[in-house]
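One-letter residues, chain by chain:
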Amino acid sequence: KQEVTQIPAALSVPEGENLVLNCSFTDSAIYNLQWFRQDPGKGLTSLLLIQSSQREQTSGRLNASLDKSSGRSTLYIAASQPGDSATYLCAAPGGGSEKLVFGKGTKLTVNP
Amino acid sequence: GAGVSQSPSNKVTEKGKDVELRCDPISGHTALYWYRQSLGQGLEFLIYFQGNSAPDKSGLPSDRFSAERTGGSVSTLTIQRTQQEDSAVYLCASTTTVGQPQHFGDGTRLSIL
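Let me sum up the structure you'll find in this document. Quick caveat, the model's predicted, so the values are computed rather than measured.

1. Side note on the interface of chain A and chain B
- Counting residues at the interface gives 19 residues for chain A, matched by 21 residues for chain B.
- Our enumeration of links across chain A and chain B arrives at one salt bridge.
- Across the salt bridge formed by lysine 99 of chain A and aspartate 56 of chain B, the nearest N and O atoms sit 3.0 Å from each other.
- Across the chain A-chain B interface, the total number found is five residue pairs in polar contact (both at pLDDT 80 or more).
- Contributing elements (two or more residues each) for the side of chain A that touches chain B: β4 (32-38), β5 (44-51) and β10 (100-102) of chain A.

If you want it as C-alpha cells, here you go:
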C-alpha cells in the first residue's frame, strides 16, 4: 500500500531564499509523481509531473527531482516570493487506476 | 470550459439529508477521479471512472456514497443520509489518460449541521 510523507509540515522563510520541500513514498513501483499547490479555499493546481524515466523536471523557478530507488522526491523553489505562499502537496500513484495518494502537505509562508 | 468545474461550491445541509455533488471534467478527458479532503485525514481517493464505468470504487467510505458518470463527461457524487463526519471538501479531477497529470476543480465544501 502506497504511503506518502512530506517533511516539513510547515516552513517559513524570508523572501528571496531558495528552499527544498521533501516527499517520501513507500512503493517505488510508480510511473510518475506529481507536485501540486493549494491556495486556501481553492482546489489543487498541478505544478510538475515527473515521469519515472526522468530524474528532474523544471518549470520556471521550480525544479522537481525523483529518486525511485530511495523513494524520495524533492521540490526546489528558487528565489522564493510572497506569492509562493501556499500548501504544497506531493502525490504518488497508488494502484492500477493510478489514483493518487497524497502526503499531508507542506505549508509554506514566504515573508516579505 | 477550460478547467474542471464543480458545483455547488458550498453546500450546507442538515444531518440525514441527501446531497448531490457535480463535476464537469475538461472536455475530452476520459479518466475522472473523486477525492475527499478533510482536516483530520488529508486528501483521500474515493472513486475512479474510465468513461462511464467505475473500475475502482475502493475509496468509497460506506454504502451511503455512490457516484455515476454519464456520456463520458459529467459525474455526480451522491451522499445519502448525510452524517457530520461527511463534512469535507470534495474534489474532482480529470485527465486524458491514466498516468498523465490530473487536473483538479476547486471543490465543493460540504458542511453537515
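2. Thoughts on the sheet that holds strand β1 (residues 5-7) of chain B
Residues and elements named next belong to chain B.
- With respect to topology, four strands assemble into an open sheet ordered β1-β3-β8-β7, the strand pairing being antiparallel. Each of the sheet's edge strands pairs with one partner strand only, and the pair in question is β1 and β7 (65-69). In this sheet, neighbouring strand axes are inclined to one another by 15 degrees on average, regardless of whether the strands run parallel or antiparallel.
- Looking at chain direction, strand β3 (residues 19-24) and strand β8 (residues 75-79) are connected through five bridges and run antiparallel. Bridging across to β8, valine 19 finds its partner in isoleucine 79.

3. A few points about the state of the cysteines
Residues and elements named next belong to chain A.
- Inspection of the entire model under this criterion finds two disulfides over all chains.
- Each sulfur of the disulfide joining cysteine 23 and cysteine 90 lies 1.9 Å from the other. Across the disulfide from cysteine 23 to cysteine 90, rotation about the S-S bond amounts to roughly -55 degrees, and the bridge is consequently left-handed. Taken together, the positions of cysteine 23 in strand β3 (residues 19-25) and cysteine 90 in strand β9 (residues 86-93) put the pair 67 residues apart, joining distant regions of the chain. As far as the burial class goes, cysteine 23 and cysteine 90 line up, both buried.

4. A word on the pattern of salt bridges
All names here are of chain A.
- In the structure shown here, the tally under the stated rule is six salt bridges over all chains.
- As a salt-bridge pair, aspartate 84 and arginine 61 come within 2.8 Å of each other at their nearest N and O atoms. One end of the pair, aspartate 84, is in the loop between β8 (72-77) and β9; the other, arginine 61, is in the loop between β6 (56-59) and β7 (62-67), and 23 residues separate them in sequence.
- What makes arginine 61 partly exposed here is its relative accessible area of 29%.

About the thresholds
- Residues numbered from 1 in each chain as written.
- Chains lettered and ligands numbered in written order.
- Predicted model: local features only at pLDDT ≥ 70, side-chain atom pairs only at ≥ 80, totals over all residues.
- Heavy atoms only, no water.
- Contact = heavy atoms within 4.5 Å.
- Salt bridge = Lys/Arg side-chain N within 4 Å of Asp/Glu carboxyl O.
- Polar contact = N/O pair within 3.5 Å; in protein donor to acceptor, adjacent residues only side chain to side chain.
- Helix = DSSP H or I, 4+ residues; strand = E, 2+ residues; numbered from the N terminus.
- Pairing = 2+ DSSP bridges.
- Axes fitted to C-alpha atoms, helices over the stretch in contact; angles between N-to-C directions.
- Disulfide = S-S within 2.5 Å.
- Buried < 20%, exposed > 50% of the residue type's maximum accessible area, 1.4 Å probe, protein only.

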